[in-house]
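Each chain is listed here by its residues.
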Amino acid sequence: MKRLVSTASLVLISNLSSTAALNAYAPVKLSISSQSSDPRLFGTWEVHTVVVDSDCKYVREGLSSKSKLNFSLINGKLTPKWYGHDWDLVANKLFKLSDNDKLLWVRENRLRKGKHIWLAKSTDVFDIQNDDYIVAESEIEQYLNGRYAGDYKTISYLKKLG
């Protein structure tokens, strides 16, 4: 699978609008404003995630998980918090894509288990269907103790709670 490369000009390779598009990428420009904090994300979401492709021996295709995710504004920055999830967020930026109503979330999460340190570098495209439903397609690079362990792709379905 192709590995994403982030450049100084922030030109990112991504155009994830459907499951079929996971394998077909085209350059997309970011909006003029850099960091974003879209108020439609605020609140708690139930998240159902499915791994749709994997070249990582630690993450198998077809794996499914459910979690809860809360987005709130802390010190002027959109901040996510997972429930029932031991990963720590270490980097977090959200951008609006200029040609559509999608959001690009670039983040890194770390998990320490004993002598092992896992790092997941994730690029997520949120397609906001309405105020209560989002479909997110993600590409994740996985690292174990600083060594590349593989990459995988997921699709997540987010439903707002309450």
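The coordinates are above.
Rules behind the numbers
- Residues numbered from 1 in each chain as written.
- Predicted model: local features only at pLDDT ≥ 70, side-chain atom pairs only at ≥ 80, totals over all residues.
- Heavy atoms only, no water.
- Helix = DSSP H or I, 4+ residues; strand = E, 2+ residues; numbered from the N terminus.
- Buried < 20%, exposed > 50% of the residue type's maximum accessible area, 1.4 Å probe, protein only.
- Polar contact = N/O pair within 3.5 Å; in protein donor to acceptor, adjacent residues only side chain to side chain.
- Phe/Tyr/Trp six-rings, centres within 6.5 Å; stacked < 30°, edge-to-face > 60°.
- Lys NZ or Arg CZ within 6 Å of the ring centre and 35° of its normal.

Describe the side chain of Ser138, with residues and values.
Residue placement: Ser138 occurs in strand β9 (residues 133-144). When its relative accessible area of 5% is taken as the criterion, Ser138 is described as buried. Polar contacts involving the side chain of Ser138 include one to the side chain of Asp124, which spans 2.5 Å.

Please set out unusual backbone geometry residue by residue, giving values where relevant.
The bulk of non-glycine residues show a negative phi, and the bulk of peptide bonds are trans. The backbone of Asn145 sits at a positive phi, close to 50°, despite the residue not being glycine. Within the fold, Asn145 resides in the loop between β9 and β10 (147-160). By relative accessible area, which is 41% here, Asn145 ends up partly exposed.

Explain the packing of aromatic side chains to me, using residue names and the numbers behind them.
Pairs of aromatic rings are described using the distance from one ring centre to the other and the angle between the two planes. Counted by the stated rule, this structure contains six aromatic pairs. Ring centres 4.9 Å apart and planes at 80° place the aromatic pair Tyr58 and Trp118 in the edge-to-face group. Of the two residues, Tyr58 sits in the loop between β3 (43-54) and β4 (64-74) while Trp118 sits in strand β8 (residues 116-130), which places them 60 residues apart along the sequence. Where Phe71 meets Phe126, the ring centres are 6.2 Å apart and the plane angle is 75°; that geometry is what we call edge-to-face. Residue Phe71 is found in strand β4, and its partner Phe126 is found in strand β8; the two are separated by 55 residues along the sequence. As far as the burial class goes, Phe71 and Phe126 line up, both buried. A network of ring pairs unites the aromatic residues Phe71, Trp82, Trp105 and Phe126 as a single cluster. Over the aromatic face of Trp105 sits the side chain of Arg107, whose NZ or CZ is 4.5 Å from the ring centroid.

These values are about where atoms sit, not about what they do.
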